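Coordinates in review
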Amino acid sequence: MSPRAASALLVLALAFALAPSAADARKSDRNKPMDIDAGHQVGMLDDSAPTVLSQGVVITQGTLDIRADRADIHSRNGDISRAVLTGTPAVLKQQMDDGSPMTARARKIDYDMATEIVTLTGDAFVDQPRGSMKSQRIVYNMQSGRVESGGNDAGRVQMRIQPRNQTPQDDG
């Protein structure tokens, strides 16, 4: 894997670590080595085609754990411009600084680095101890903190917000 592709995956991982409503991502993870395992990799040394990882992509760094069928890393002018994870589903898990877990999953996770917008599509789901969000499409703008989900062809949005001072309980 090219250093450029590895950098893109790190940026993507950090993007999800900053997901809305989350406690801070485990900052110490950023200083740990990133391990990438895939059955196949193909790419160019220039911007003419994306670097593609496939056949069971596993990326780990500290408490961060990403699993996808495929990762497409796009570049423009020598810099990573976009990273797209696909799977059935693609899953990202990380422990936050406060020790709480965060899980995001979708059939497609698309991070546009120029706009700093992360889009989860296809059975998108984000789960944290304080609550969860489910929709066919969840869009998170990392610059503004704005989250948009559902609407039009993206179906309805389902959310659960736990009380601030109580332990989550089953519906029961």
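Predicted, not measured: the structure shown is a model, and the values here were computed from it.

This part takes up the overall build of the protein. A count of helices and strands for the protein gives one helix and 10 strands. Order of helices (α) and strands (β) in the protein, N terminus to C terminus: α-β-β-β-β-β-β-β-β-β-β. Residue burial in the protein is summarised as follows: out of 172 residues, 38% are buried. For the protein, long-range pairs separated by at least 24 residues make up 45% of all intrachain contacts whose partners lie at least 6 apart in sequence. Per element, the accessible surface of the protein, about 9,600 Å² overall, is 46% carbon and sulfur.

In this section: the environment of Ser54. With respect to the secondary-structure elements, Ser54 resides in strand β3 (residues 51–61). Apart from the residues within four sequence positions on either side, Ser54 is in contact with Ala38, Gly39, His40, Asp69 and Arg70.

Looking now at the pattern of salt bridges. Counted under the stated rule, the structure contains five salt bridges. A salt bridge links Arg146 to Glu148, with the shortest nitrogen-to-oxygen separation between them at 3.5 Å. The exposed category is assigned to Arg146, whose relative accessible area is 53%. For Glu148, a relative accessible area of 40% corresponds to the partly exposed category.

Further remarks concern unusual backbone geometry. If a residue is not glycine, its phi is most likely negative; likewise, a peptide bond is most likely trans. With omega at 0 degrees, the peptide bond leading from Thr88 into Pro89 counts as cis. Tracing the chain through its elements places Pro89 in strand β5 (residues 79–95). A positive phi angle, near 65 degrees, is found at Gln55, a position not held by glycine. Examined against the element boundaries, Gln55 turns out to sit in strand β3. For Gln55, a relative accessible area of 57% corresponds to the exposed category.

Let us now look at the confidence of the model for the protein. In this model, the protein carries an average pLDDT of 79, and 80% of its residues clear a pLDDT of 70 or more. Across the protein, the element-wise mean pLDDT spans from 45 in helix α1 (residues 3–17) up to 94 in strand β2 (residues 40–42).

Two elements, strand β4 (residues 64–76) and β5, share 10 bridges in a ladder whose sense is antiparallel. From the neighbouring strand, Arg76 faces β5, where its bridge partner is Asp79. Turn length for the β4-β5 hairpin, with the two strands adjacent in sequence and antiparallel, is two residues, and the turn residue Asn77 shows positive phi of about 55 degrees. For β5 and strand β6 (residues 101–112), the ladder comprises 11 bridges, and the chain directions are antiparallel. Its bridge partner being in β6, Gln95 is matched across the sheet by Pro101. Between β5 and β6, which pair antiparallel one after the other, the connecting turn spans five residues, and Gly99 there sits at a positive phi close to 90 degrees.

Attention now moves to the side chain of Gln61. Looking at the element boundaries, Gln61 is found in strand β3. When its relative accessible area of 4% is taken as the criterion, Gln61 is described as buried. A polar side-chain atom of Gln61 sits 2.8 Å from the main-chain carbonyl oxygen of Lys32.

With that settled, the discussion passes to the nonpolar core. Ranked by size, the top nonpolar core spans 28 residues in total, and within it Val57, Ile66, Leu85, Ile109, Val118, Leu120 and Ile138 carry the most contacts. Counting residues per element, the ones that place at least two in this core are β3, β4, β5, β6, β7 (117–128) and β8 (131–141).

What counts and what doesn't
- Residues numbered from 1 in each chain as written.
- Predicted model: local features only at pLDDT ≥ 70, side-chain atom pairs only at ≥ 80, totals over all residues.
- Heavy atoms only, no water.
- Helix = DSSP H or I, 4+ residues; strand = E, 2+ residues; numbered from the N terminus.
- Buried < 20%, exposed > 50% of the residue type's maximum accessible area, 1.4 Å probe, protein only.
- Contact = heavy atoms within 4.5 Å.
- Areas by Shrake-Rupley, 256 points an atom, 1.4 Å probe, with all protein chains shown as cover.
- Salt bridge = Lys/Arg side-chain N within 4 Å of Asp/Glu carboxyl O.
- pLDDT = per-residue confidence, 0-100.
- Pairing = 2+ DSSP bridges.
- Polar contact = N/O pair within 3.5 Å; in protein donor to acceptor, adjacent residues only side chain to side chain.
- Core = buried A, V, L, I, M, F, W, Y, C linked by side-chain atoms within 4.5 Å.

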